[in-house]
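Now for the letters of each chain:
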Amino acid sequence: MSETVKLVVGDNSYEFPVIEGTENEKAIDIGKLRDLTGYITMDPGYKNTGACSSNITYLDGENGILHYRGYSIESLAEQSTFLEVSYLLIFGELPSKSQLTQFETDIRKYTLVNEEMKNILDGFPKTAHPMGVLSSLTSALTAFNPKAVNVNNDKEMYDAICKTMAKFIVIATWTYRKSMGYPLNYYDNTKGYVDNFLRLMFELPTGPYNIDPKIVSALDKLFILHADHEQNCSTSTVRMVGSSHAGLFASISSGVSALWGPLHGGANQAVLEMLEQIKNDGGDVDKYVLKAKDKDDPFRLMGFGHRVYKNFDPRARIIKKAADDVLGTLGVDDPVLEIAKKLEKVALEDEYFKARNLYPNVDFYSGIIYRALGIPVDMFTVMFAIGRLPGWIAQWKEMRANKEPIGRPRQIYNGATPRDYVSLDKR
Ligand code: SDX
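The structure displayed is predicted, hence computed values, not measured ones. (Residues numbered from 1 in each chain as written. Predicted model: local features only at pLDDT ≥ 70, side-chain atom pairs only at ≥ 80, totals over all residues. Heavy atoms only, no water.)

1. A word on the sheet that holds strand 5 (residues 65–68)
Here is the rule we go by: Any two strands are treated as partners once DSSP identifies two or more bridges connecting them. Note on conventions: DSSP H or I runs of at least 4 residues are helices, E runs of at least 2 residues are strands, and numbering of each starts at the N terminus.
One open sheet accounts for three strands, arranged 4-5-6; its pairing is antiparallel. Every other strand in the sheet has two partners, leaving strand 4 (57–60) and strand 6 (71–72) as the edge strands with one partner each. Relative to strand 5, strand 4 is paired through four bridges, and the arrangement is antiparallel. Across the sheet, the residue bridging to threonine 57 is tyrosine 68, located in strand 5.

2. As for the side chain of histidine 229
Convention followed: Note on classification: 1.4 Å probe, protein chains only; a residue is buried when its accessible area is under 20% of the maximum for its type, exposed when over 50%, partly exposed between these limits. The definition of a polar contact used here is a pair of N or O atoms within 3.5 Å, where within protein one atom must be able to donate a hydrogen and the other to accept one, and adjacent residues in sequence count solely through side-chain atom pairs. Throughout, a contact is declared for two residues whenever any of their heavy atoms are within 4.5 Å.
As for its placement among the helices and strands, histidine 229 is situated in the loop between helix 9 (213–225) and helix 10 (233–242). On the accessibility criterion, histidine 229 (4% relative accessible area) is buried. A polar contact of 2.9 Å, which involves the side chain of histidine 229, links it to the side chain of tyrosine 309. There is a polar contact of 3.4 Å between the side chain of histidine 229 and the side chain of arginine 315. Residues within four places of histidine 229 in sequence aside, it is in contact with Thr57, Leu59, Leu66, His306, Tyr309, Arg315 and Arg388.

3. Quick notes on the side chain of arginine 315
Along the polypeptide, arginine 315 turns up in helix 14 (residues 314–330). In this structure the side chain of arginine 315 is engaged in a polar contact, spanning 2.7 Å, whose partner is the side chain of aspartate 313. Ignoring anything within four residues of it in the chain, the contact list for arginine 315 reads Leu66, Leu225, His229, His306, Tyr309, Val362 and Arg388.

4. What to know about the pairing of strand 5
The side chains of a regular strand alternate, residue by residue, between the two faces of the sheet. Between strand 4 and the antiparallel strand that follows it, strand 5, lie four residues; glycine 64 among them carries a positive phi value of about 60°. With antiparallel pairing between neighbouring strands as the criterion, strand 5 and strand 6 make up a hairpin whose turn holds two residues, including arginine 69 at a positive phi of roughly 50°.

5. Regarding the sheet that holds strand 1 (residues 4–9)
The following threshold applies: Here the axes come from fitting lines to C-alpha atoms, over the contacting stretch only for helices, and the angles between their N-to-C directions go from 0 to 180 degrees.
In spatial order, the strands read 1-2-3; together these three strands make up an open sheet with antiparallel pairing. Each edge of the open sheet is held by one strand with a lone partner, namely strand 1 and strand 3 (26–28). Averaged over neighbouring strand pairs, the angle between their axes works out to 30° when direction is ignored. Judged from the six bridges that link them, strand 1 and strand 2 (residues 12–20) form a sheet pairing that is antiparallel. Opposite threonine 4, over in strand 2, you have proline 17 as the bridge partner.

6. A few points about the nonpolar core
Soluble globular proteins tend to bury their nonpolar side chains together. Put simply, the rule is: The set of buried Ala, Val, Leu, Ile, Met, Phe, Trp, Tyr and Cys residues whose side-chain atoms join them within 4.5 Å is what this entry labels a nonpolar core.
The biggest cluster of nonpolar side chains holds 117 residues, and the ones touching the most others in it are Tyr68, Phe197, Leu219 and Ile375. The contact partners of phenylalanine 197, leaving out residues within four places of it in the chain, are Ile169, Thr173, Leu219, Phe223, Ile375, Met383 and Ile386.

7. What about a positive patch on the surface?
Short version of the rule: Note that patches include only residues with greater than 30% relative accessible area and no salt bridge, and the join distances are 9 Å for like charges and 5 Å for nonpolar side chains (Val, Leu, Ile, Met, Phe, Trp, Tyr). Using the Shrake-Rupley algorithm and a 1.4 Å probe, accessible areas are obtained, with residue cover drawn only from the displayed protein chains. Each reported salt bridge corresponds to a side-chain nitrogen of Lys or Arg within 4 Å of a carboxyl oxygen of Asp or Glu. We score Asp and Glu as negative and Lys and Arg as positive, and we do not count His or the chain ends. Every charge is mapped onto a representative atom, which is NZ of Lys, CZ of Arg, CG of Asp or CD of Glu.
Judged by side-chain charge, Lys47, Lys295, Arg300, Arg307 and Arg356 come together as a positively charged surface patch. With respect to the secondary-structure elements, arginine 307 resides in the loop between helix 13 (285–293) and helix 14.

8. A look at the packing of helix 8 (residues 193–202) against helix 9
What counts, and what does not: For this classification, under 35 degrees means roughly parallel, over 145 means roughly antiparallel, 65 to 115 means roughly perpendicular, and everything else is oblique. Put simply, Ala, Val, Leu, Ile, Met, Phe, Trp, Tyr, Cys and Pro go in the nonpolar bin, Asp, Glu, Lys and Arg in the charged bin, and everything else, Gly too, in the polar bin.
Axis separation between helix 8 and helix 9 bottoms out at 9 Å; the angle between their running directions is 110°. In this view, helix 8 runs roughly perpendicular relative to helix 9, as classed from their interaxial angle. Contact with helix 8, carried on its side by Val194, Asp195, Phe197 and Leu198, involves Ile215, Val216, Leu219, Asp220 and Phe223 of helix 9 and no other residues of that element. Here the residues of the contact of helix 8 with helix 9 are counted per class, giving seven nonpolar, no polar and two charged.

The values reported here are purely geometric and, on their own, carry no functional implication.
Structure follows, in structure tokens:
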């Protein structure tokens, strides 16, 4: 007998089924709530509301656990590659060697971005924020690849996935090249995916760009750590937009816009700006911890806190170690890293943060590595987007495969009650 729960409304009692997942998470299925009771639920920010069932990523916020398709983030960060993890997230299983080779080959078919896309890029000022440019260019891909709009079979879905993986990383780097006044680079199909990212970003016509394998390895790990995170704000946006049967490029473009916000993916940029502010203000971390606790002060400790993790974000732990390794390898002595560690120590010992389970999240240390790699601050969230792309694709694919209904939440109306129109001369 499967579990049910009872709800008493007035003189009536209703039973609702309970859904249990493979990791023993439980949800009350309220699919018939309004029809039966006339009531809806209210849950701003969806803190208690599940939007879907998913086989892709599992989070345990209380114990700081993150699994992609059952594999721990620690094992994948240590042993896998970003393209292999992308395959795992999108298709559900770790690929064989031939499957992975075929996936990379099929991505390489589409790495040339239509030259006319450059006309769109030229329309932006050099000062435009890269995330705004990336969102626009991603949406514009639809114009040049219309078949990727409504995927009605597995072949069209696979091609749309390969096109997105191929073109997104190129246009993402074009946002940086544009801001620097550099000529745009092309993907080199003889090199790896992450190698190409570095070349696309930094290679200049004046001479070869030497790829440092240690930097490739660090970036590969960072992209893996950002690849998916169940129903976060930007992923939920991708699923919502895709639920109207908008195409994959349009859905990903909306995810880029949602990720841009400083409370979400934009936090990695905000963390560096905060650490710089503390450094320039004499490094007084106590002062900023006090500001973060002051309800009358809008200042928040960026990179701290999380909607789901009420324990250490497992990704932050891995990235913190990677920051030490990368800066050590590159011989970079960044005072901001020391300020970050001091800030973390002070905050973790402070009752305000402990009482609210506020720990460093994925964004707290990532920017320090990006900066050491020569990536400008306003490109940090673009880095997050490149990492999150396979997760967005996987979740969009799952939503379409499950034939999920169009997303359309209800509301409680609190506005004016019925009243008669008053003509202009009487107002
Ligand atoms: C990401 O969802 C995901 O999975 C996201 C992500 C992913 O991989 O997709 O993990 C990536 O977005 C990580 C989060 C990056 N954002 C930041 O670092 C911005 C700073 N963090 C906060 O804005 C906040 O912690 C959120 C937005 C991350 C979570 O906010 P919640 O869950 O809505 O919590 P809340 O705002 O209701 O805060 C609860 C309490 C409040 O105090 P009280 O009203 O209870 O007294 O904690 C306080 C908040 O004021 N609080 C903070 C704080 N975060 C929460 N106080 C100071 N500094 C902070 N950073």
